[in-house]
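Letter by letter, the chains look like this.
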Amino acid sequence: MQSMTGYGRATAERDGTRVTVQIAAVNSKKQAEIRCSMPREIGGIEPFIRQELQARIERGSLNVNLAYELGPDWRGRAVSLDLDVAGHVLAELREFAARHGLAADLRVGELLAVPGVTQQRSDLPDELLQELALAALGQAIDELNAMRRAEGLTLAKDLRERCAAMQAAVAAVAERADLAQIQHRDRLVERIAKLGIELAADDERLAREVAFCVDRSDITEEIVRLRSHLDQFVALLGEDGAVGRKLDFLGQEIGREIGTLGAKTADTAISERVIDFKVELGRVREQLLNVE
């Protein structure tokens, strides 16, 4: 089990060309949501980035930032000079200077500032950048997942402790379940007597009605299902991979069972245990928002 929250950063380099990838992950209710930020000229790498992330991360909101720096060889190729344009501009400027009696002491730097003399080349080492990007991405994911696993261990420890508290509450309820039914039966008989209804002690109708009402207050099924759900919950905490959705489903089922149990019994001691159980379950549901 691991958390959905974490951070990873890595750089891959070859011959001075380097690519840096940063991944920041937070929780999400959906499958992996990926937002990529990278220079437009290398946007063609994005599908490969997404494919790798989706293969290794199942849930979470991921912000991926990718930056690159070209090596000396490629930086030199990134700019080209149009010597024909430079020659034409230089000739025009000299003619203008001679016509108006100006000194024609032009510097190369000033000539390079003229639009059209220098041109930015669009050809980039796409294969190299993609290779470096995927290498850096793999390392960044490793770092991210290491952090997510470490936080997952902390979450699992906390959830186990809360499950233990809920299991103890269920055990306490189970111990009192039979007594609660007996007390419920006695209250029903006492209430009938207070109504002044004349019924014989061996009246079968009275016995059937009392038995029916008492049976409706039986919480055995809820106790059995709660124990089963809690056992499954604890077992999932020790599994690898994305178990957050399964845990969330079990959390919902546990909530339904404890709600039904609380509604079926009027026993004060059981009601107090139910309240304690619901408090712990609420804390569990909050923690599950962070589990992948």
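Everything that follows concerns the structure shown earlier in this document.
Below or above, wherever it landed, is the structure these notes cover. (Residues numbered from 1 in each chain as written. Predicted model: local features only at pLDDT ≥ 70, side-chain atom pairs only at ≥ 80, totals over all residues. Heavy atoms only, no water.)

Regarding the overall build of the protein chain
Next, step 1: The number of helices and strands found in the protein chain is nine helices and six strands.
Next, step 2: Considering only intrachain contacts with a sequence separation of at least 6, the fraction spanning at least 24 residues in the protein chain is 80%.
Next, step 3: Carbon and sulfur atoms make up 51% of the accessible area of the protein chain, which totals about 17,200 Å². (Helix = DSSP H or I, 4+ residues; strand = E, 2+ residues; numbered from the N terminus. Contact = heavy atoms within 4.5 Å. Areas by Shrake-Rupley, 256 points an atom, 1.4 Å probe, with all protein chains shown as cover.)

Brief notes about helix H7 (residues 220-237)
Next, step 1: Between its terminal C-alpha atoms H7 stretches 26 Å, which fits the 26 Å expected from 18 residues at 1.5 Å a residue.
Next, step 2: When we look at burial in H7, the residues that qualify are Glu222, Ile223, Leu226, His229, Leu230, Phe233, Leu236 and Leu237. Along the axis of H7, the buried positions cluster into a sector of 155 degrees, meaning they face one direction only. In H7, the exposed positions angled more than 90 degrees off the buried face are occupied by Glu221 and Val224. (Expected span 1.5 Å × (residues − 1). Buried < 20%, exposed > 50% of the residue type's maximum accessible area, 1.4 Å probe, protein only. Arc of directions from axis to C-beta.)

Re the nonpolar core
Next, step 1: Grouped together as the largest cluster of nonpolar side chains are 30 residues, with contacts concentrated most on Met1, Leu159, Phe233, Leu247, Leu261, Phe277 and Val291.
Next, step 2: By residue number, the principal contributor to this core is helix H5 (residues 126-194), which donates nine residues.
Next, step 3: Not counting residues within four places of it along the chain, the set of residues in contact with Leu159 comprises Met1, Phe233, Leu237, Val284, Gln287, Leu288 and Val291.
Next, step 4: Counting 27 residues, the second-largest nonpolar core is a separate cluster that includes Ile23, Leu70, Ala136 and Leu144. (Core = buried A, V, L, I, M, F, W, Y, C linked by side-chain atoms within 4.5 Å.)

Side note on the packing of helix H8 (residues 244-264) against helix H9 (residues 268-288)
Next, step 1: Two elements in contact, H8 and H9, have axes separated by 10 Å at closest approach and are oriented at 165 degrees. As judged from the angle between their axes, H8 and H9 are roughly antiparallel. Where H8 crosses over H9, the handedness of that crossing is left-handed. Residues Leu247, Asp248, Gly251, Gln252, Ile254, Gly255, Ile258, Gly259, Leu261 and Gly262 of H8 form the contact with H9, whose participating residues are Ile270, Val274, Phe277, Lys278, Leu281, Arg285 and Leu288.
Next, step 2: Considered class by class, the residues forming the contact of H8 with H9 number nine nonpolar, five polar and three charged. (Axes fitted to C-alpha atoms, helices over the stretch in contact; angles between N-to-C directions. Parallel < 35°, antiparallel > 145°, perpendicular 65-115°, else oblique. Left-handed = near helix turned anticlockwise from the far one by under 90°. Nonpolar A, V, L, I, M, F, W, Y, C, P; charged D, E, K, R; others polar.)

Brief notes about helix H3 (residues 83-99)
Next, step 1: Compared with an ideal rise of 1.5 Å per residue, which puts 17 residues at 24 Å, H3 spans 24 Å between its outermost C-alpha atoms and is within 8% of the ideal.
Next, step 2: Among all positions in H3, only Ala86, Val89 and Ala97 are buried. Buried positions in H3, seen along its axis, are confined to an arc of 70 degrees and lie on one side of it. Residues of H3 that are exposed and point over 90 degrees away from its buried face: Asp84, Ala98 and Arg99.

With respect to the packing of H7 against H8
Next, step 1: Here H7 crosses H8 at 160 degrees, and the two axes come no closer than 9 Å. By the angle between their axes, H7 is roughly antiparallel relative to H8. Relative to H8, the crossing made by H7 is left-handed. Facing Glu222, Ile223, Arg225, Leu226, His229, Leu230, Gln232, Phe233, Leu236 and Leu237 of H7, the residues of H8 in contact are Lys246, Leu247, Leu250, Glu253, Ile254, Glu257, Ile258, Thr260, Leu261 and Lys264.

Some thoughts on unusual backbone geometry
Next, step 1: The residue Asp15 is not glycine, and still its phi comes out positive at about 55 degrees.
Next, step 2: Mapped onto the fold, Asp15 is located in the loop between strand S1 (6-14) and strand S2 (17-31).

Some details on the side chain of Ser28
Next, step 1: Mapped onto the secondary structure, Ser28 falls in strand S2.
Next, step 2: In terms of polar contacts, Ser28 uses its side chain to reach the side chain of Glu33, at 2.5 Å.
Next, step 3: For Ser28, the residues in contact, after removing those within four places along its chain, are Met4, Glu33, Arg59, Gly60 and Ser61. (Polar contact = N/O pair within 3.5 Å; in protein donor to acceptor, adjacent residues only side chain to side chain.)

With respect to the pairing of S1
Consecutive side chains along a regular strand alternate between the two faces of the sheet.
Next, step 1: Pairing geometry for S1 and S2, over nine bridges, is antiparallel. In the strand pairing of S2, Thr11 is matched with Thr20. (Pairing = 2+ DSSP bridges.)

Some points on the pattern of salt bridges
Next, step 1: Scanning all chains against the criterion turns up 15 salt bridges.
Next, step 2: Two residues, Arg14 and Glu131, come together in a salt bridge whose shortest N-O distance is 2.3 Å. Linking Arg14 in strand S1 with Glu131 in helix H5, this pair joins segments that are 117 residues apart in sequence.
Next, step 3: Under the relative-accessibility criterion, Arg14 is labelled partly exposed at 36%.
Next, step 4: One salt bridge in this structure joins Arg50 and Glu46, with 3.0 Å as the shortest N-O distance. Of this pair, Arg50 and Glu46 both sit in helix H1 (residues 46-56), four residues apart, which is roughly one turn of that helix.
Next, step 5: Assessed through its relative accessible area of 23%, Glu46 is described here as partly exposed.
Next, step 6: Through salt bridges with shared partners, one network takes in Asp158, Arg162, Glu280 and Arg283. (Salt bridge = Lys/Arg side-chain N within 4 Å of Asp/Glu carboxyl O.)

Just distances and angles here, no functional claims.
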